[in-house]
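Topology and contacts: notes
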Amino acid sequence: MEIKKIFCEVMELDTLPEDFDYLKIGDIPEWDSMANMNFLMSIERNLNIRFSFDEMAELTSINIIKLRIAELQQ
Amino acid sequence: MKFDHIGIVVESIDRSRAMFERDFPGFSSSKIYIDKEIDVKIQFIEYHNSNKIELIEPLSASSPIRSVLEKKNSSNIHHLAYSCRDIEEACNTYRDKGYGFLTKFYCAEAFKGARVIFLLSPLNFIVELIEDND
């Protein structure tokens, strides 16, 4: 499952926000810190990667999350 | 690992403490602490059996705790706190068990500068770990 689909599923959105690639936590009401954790953990399950405990709190924008996923998938 | 306290988010520490004094008396109050990391004011009320409740008052609209008060029809009980000796090992263990990490470590004045960190459990409740340096 790709990140856009995971995002919509976790945030319970019918459509992806237009500026998805530039979104950060708090930009839409659905994306708060609790939803962010569920988003990150859903990414882990679906993409079979794992974030360390000390980086999770900094993964708060689509851009940063995508970059980190790319690093972990190398 | 030892249970330490339950954290409750409140609009006003003074009004909330007064309510506890009226409805659930028999405790002593700590001094008031300011936690700049999450922009809140904190006071502990502690019963004779050492059970502690942490009253947490957000100091601004930008405090990450403020949103708890804005959710209507939901509980303001915010977290369960445990103290542990090797907090880094505990964090790795909880990560293995599927916990998410809402914050990084920071030093909390309310715990004599000990490191604390907030986790989200797989059951969707928040846990605070406090490093036990004693």
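Attention in this report is confined to the structure presented alongside it. (Residues numbered from 1 in each chain as written. Chains lettered and ligands numbered in written order. Predicted model: local features only at pLDDT ≥ 70, side-chain atom pairs only at ≥ 80, totals over all residues.)

**Some details on the overall build of chain A**
Rule in force here: Secondary structure elements follow DSSP: runs of H or I of four or more residues count as helices, runs of E of two or more count as strands, with numbering from the N terminus. Atoms considered for the radius of gyration are the C-alpha atoms alone. The globule rule reads 2.2 Å times the number of residues to the power 0.38. We call two residues in contact whenever the C-beta atoms placed from their backbones are within 7 Å.
Looking only at helices and strands, chain A features 3 helices and 0 strands. The secondary structure elements of chain A, listed N-terminal to C-terminal, are α-α-α. Computed over the C-alpha atoms, the radius of gyration of chain A is 11 Å, within 12% of the 11 Å expected from 2.2 N^0.38 for a compact globule of 74 residues. The C-alpha extent of chain A, read off along each of the three principal axes, is 30 × 25 × 20 Å. In chain A, 51% of the contacts between residues at least 6 apart in sequence involve partners at least 24 apart.

**Overview of the overall build of chain B**
Our working definition: Put simply, a residue is buried when 20 or more other C-beta atoms lie within 10 Å of its own C-beta and exposed when 12 or fewer do; between those, it is partly exposed, and each C-beta is set from the backbone.
In terms of regular secondary structure, chain B is built from 3 helices and 9 strands. Starting at the N terminus, the α and β elements of chain B follow one another as β-α-β-β-β-α-β-α-β-β-β-β. Since a compact globule built from 134 residues should have a radius of gyration of about 14 Å, the 15 Å found for chain B is in line with a globular shape. Out of the 134 residues in chain B, the part that is buried amounts to 28%. Looking at chain B alone, contacts between residues at least 24 apart form 50% of all its contacts between residues at least 6 apart.

**Focus: the environment of L55 of chain B**
Turning to its location among the elements, L55 of chain B is positioned in strand β4 (residues 52–58). Measuring from C-alpha to C-alpha, the distance between L55 of chain B and V40 of chain B comes to 9.8 Å, with 15 residues separating the pair along the chain.

**Points about unusual backbone geometry**
Residues and elements named next belong to chain A. A positive phi angle is found at E12, which is not glycine, with a value near 55°. Counting through the fold element by element, E12 comes out in the loop between α1 (3–11) and α2 (33–47). By the C-beta count within 10 Å, which is 8 here, E12 ends up exposed. At N48, a residue that is not glycine, the phi angle is positive and equals roughly 55°. Following the sequence through the fold, N48 ends up in the loop between α2 and α3 (62–73).

**As for the nonpolar core**
For clarity, the threshold we go by: By definition, a nonpolar core groups buried Ala, Val, Leu, Ile, Met, Phe, Trp, Tyr and Cys residues that connect through C-beta atoms lying within 7 Å of each other.
Grouped together as the largest cluster of nonpolar side chains are 36 residues, with contacts concentrated most on L40 of chain A together with L102, I117 and L119 of chain B. Within the residue set of this core, elements represented by two or more residues are α2 and α3 of chain A together with β3 (40–47), β4, α3 (87–96), β8 (114–120) and β9 (126–131) of chain B. Looking at which element gives the most residues to this core, the answer is β8 of chain B, with 5 residues.

**Things to note about the interface of chain A and chain B**
When the parts come together, some accessible area is lost, and that loss is often what is quoted as the size of the interface. Inclusion rule: Any residue outside Ala, Val, Leu, Ile, Met, Phe, Trp, Tyr, Cys, Pro, Asp, Glu, Lys and Arg is labelled polar, Gly included; the first ten of those are nonpolar and the last four are charged.
Opposite the 11 residues of chain A that make contact, chain B presents 11 residues. Looking at the side of chain A that touches chain B residue by residue, the classes come out as 7 nonpolar, 2 polar and 2 charged.

**Here we look at α2 of chain A**
The test is simple: Helix span, expected: 1.5 Å multiplied by one less than the number of residues in the helix. What the arc covers is the set of directions going from the helix axis to the C-beta atoms.
In a regular helix each residue adds 1.5 Å, so 15 residues correspond to 21 Å; α2 of chain A covers 21 Å between its end C-alpha atoms and thus fits that length. The complete set of buried residues in α2 of chain A reads N36, M37, F39, L40 and I43 of chain A. Down the axis of α2 of chain A, the buried side of the element spans an arc of 160°, and every buried residue falls inside it. Structurally, α2 of chain A contributes buried residues whose contacts are with α1 and α3 of chain A together with β6 (100–101) and β8 of chain B. Residue N48 of chain A follows α2 of chain A closely and has a positive phi angle near 55°.

**Some thoughts on the pairing of β9 of chain B**
Look at any regular strand and the pattern is simple: side chains alternate between the two faces of the sheet. Residue and element names in this part refer to chain B. Heads up, the condition is: Any two strands are treated as partners once DSSP identifies two or more bridges connecting them.
In terms of burial, β9 is largely enclosed, as 5 of its 6 residues are buried. Across 6 bridges, strand β5 (residues 77–84) lies against β9 in parallel orientation. Looking across to β9, one finds that L80 is bridged to V127. Bridging between β8 and β9 involves 5 bridges; their strand directions are antiparallel. Across the sheet, the residue bridging to V116 is I130, located in β9.

**Let's talk about the pairing of strand β2 (residues 27–35) of chain B**
Residues and elements named next belong to chain B. As judged from the 7 bridges shared by β2 and β3, these two strands associate in the antiparallel manner. The residue bridging S29 from the neighbouring strand is I45, located in β3. Between the end of β2 and the start of β3, which pair antiparallel, lie 4 residues, with D39 showing a positive phi angle near 55°.

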